[in-house]
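Report on the structure
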Amino acid sequence: MRRRPVRRSVEREWELSIGPDTVRLFILKAKALSAAVNEDYADGAEHEIELDGEAHDNHHHDGLAEESSENLTEEELRELINDLNVDEAAELVALAWVGRGDYDASEWADALAAARERANKRTAKYLLGMPLLADWLEEGLEAIGA
C-alpha cells in the first residue's frame, strides 16, 4: 500500500480583517459601476442627437434616471468603503496595490504598512479613482491566495 503525502497548510504571512467575500462584493459593485460608465461611452457618440426638420419632441431621454442609477451604484460603493474600519480599509487599499503590481504578494506586510500610513477619510475617493479597481482587487485576492 502506497502512502500519499499529506498536504499541510502553509502558515500565511497575512491575516485579513476584511473577509474575502466582502472584497468580492466590492469587486461586483466596482464592475457594475465601470460597466455603467463604459456603456455610456461605447460608441463614442454619447449624447449626440440628430434632429431633422420634422422631429421636435420625439426624444424621450430620461437622463436624470440614468444618472441617478449610476450615482446610486457609486454612492453604495462609497458608503461600503466608508463603513470599513481602519484595518479593513488599509487591507482593501493594499489588495488594490498588490493587484496593480505595486507590491508582490510576498510584500503584503509592506503594502499593508504603507496603506495604514496613508489612511485617511478619503479612502473611498482614492479607491473609486482607480480606473481598474475591480480588476486590481480581484488580482490582489488571487495573488495572496484569499
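These numbers were taken from a predicted model, which means no experiment stands behind them. Sequence order as written defines residue numbering, which begins from 1 separately in each chain. Owing to the predicted nature of the model, reporting of local features is limited to residues with pLDDT of at least 70; listing and counting of side-chain atom pairs is limited to 80 or more, with chain, interface and lining totals taken over all residues. Excluding hydrogens and water, the side-chain figures rest on all heavy atoms present in the structure.

Quick look at the layout of surface pockets
How we decide: In this analysis, the protein atoms alone were mapped onto a 1 Å grid. Cavities are point sets where a 1.4 Å probe fits without being able to get out; pockets are open sets with protein on both sides within 12 Å along at least five of seven lines; lining residues have an atom within 4 Å of a point. Grid points are joined across faces, edges and corners, and a volume is the space filled by probe spheres set on the points. Only DSSP runs of H or I reaching four residues or more are called helices, and only runs of E reaching two or more are called strands; each is numbered from the N terminus. Polar here means any residue other than Ala, Val, Leu, Ile, Met, Phe, Trp, Tyr, Cys and Pro, which are nonpolar, and Asp, Glu, Lys and Arg, which are charged; Gly is therefore polar.
Computed from the structure, the second largest pocket encloses a volume of approximately 200 Å³. In this structure, the second largest pocket is lined by 15 residues; those nearest its centre are L84, A89, N120, K121 and T123. Residue assignment for the lining of the second largest pocket shows that the elements contributing at least two residues are α2 (63-82), α3 (86-100) and α5 (123-128). Each residue belonging to the lining of the second largest pocket can be placed in one class, and the counts come to nine nonpolar, four polar and two charged.

A word on the environment of L132
The following threshold applies: Each residue gets one of three labels from its accessible area relative to the maximum for its type: buried under 20%, exposed over 50%, partly exposed in between, using a 1.4 Å probe on protein chains only.
Mapping L132 onto the fold places it in the loop between α5 and α6 (133-144). Residue L132 is classed as partly exposed on the basis of its relative accessible area, which comes to 41%. Along the backbone, L132 and A30 are 102 residues apart, and their C-alpha atoms lie at a distance of 8.6 Å.

Some words on the confidence of the model for the protein
As a reminder, the rule being used: Scored from 0 to 100, pLDDT records how confident the predictor is in each individual residue. Any pair of residues with heavy atoms lying within 4.5 Å of one another is described as a contacting pair.
In this model, the protein carries an average pLDDT of 76, and 65% of its residues clear a pLDDT of 70 or more. Under a pLDDT of 50 for its full length, residues 2-11 has, in the predicted model, zero contacts with residues more than four places off or in other chains. Segment residues 39-52 is flagged for pLDDT under 50; beyond a separation of four residues in sequence, or across chains, it makes four contacts in the model.

Some points on the packing of α3 against helix α4 (residues 108-117)
Note the threshold: Fitted lines through C-alpha atoms serve as axes, helices being fitted only where they are in contact, and the angles separating the N-to-C directions of these axes extend from 0 to 180 degrees. The scheme is simple: roughly parallel for angles under 35 degrees, roughly antiparallel for over 145, roughly perpendicular for 65 to 115, oblique for anything else. The handedness criterion is simple: a crossing whose near helix is rotated anticlockwise from the far helix by less than a right angle is left-handed, and one whose near helix is rotated clockwise is right-handed.
It is at 8 Å that the axes of α3 and α4 come closest, and there the two elements cross at 125 degrees. With respect to α4, the axis of α3 lies oblique. Here α3 and α4 pass one another in a crossing that is right-handed. Counting all contacts with α3, which are made through D87, A90, E91, V93, A94, L95, W97 and V98, the residues of α4 involved are W108, A111, L112, A114, A115 and R116. When the residues that make up the contact of α3 with α4 are grouped by side-chain class, the tally is 11 nonpolar, no polar and three charged.

As for the pattern of salt bridges
Counted only if it meets this: In the sections that follow, a salt bridge refers to a side-chain nitrogen of Lys or Arg positioned within 4 Å of a carboxyl oxygen of Asp or Glu.
The tally for this structure, following the rule as stated, stands at six salt bridges. For R24, the salt bridge identified is with D21, shortest N-O distance 3.2 Å. Taken together, the positions of R24 and D21, both in helix α1 (residues 20-40) and three residues apart, correspond to about one turn of that helix. Residue class for D21 comes out exposed when judged on its relative accessible area of 63%. The salt bridge involving D87 is made with R116; its shortest N-O contact spans 3.4 Å. Highlighted residues: D87 in helix α3 and R116 in helix α4, separated in sequence by 29 residues. Judged by relative accessible area, D87 falls into the partly exposed class, the value being 34%.

Let's talk about α6
Residues three or four positions apart in an α-helix share a direction because the helix packs 3.6 residues into each turn. What counts, and what does not: Expected span of a helix, by definition, is 1.5 Å for each gap between consecutive residues, and there is one gap fewer than residues.
The end-to-end C-alpha distance of α6, which contains 12 residues, comes to 17 Å, matching closely the 16 Å that a straight helix rising 1.5 Å per residue would cover. Among the residues of α6, those classed as buried are L133, A134, W136, L137, G140, L141 and I144. G145 occupies a position one or two residues after α6 and carries a positive phi of about 80 degrees.

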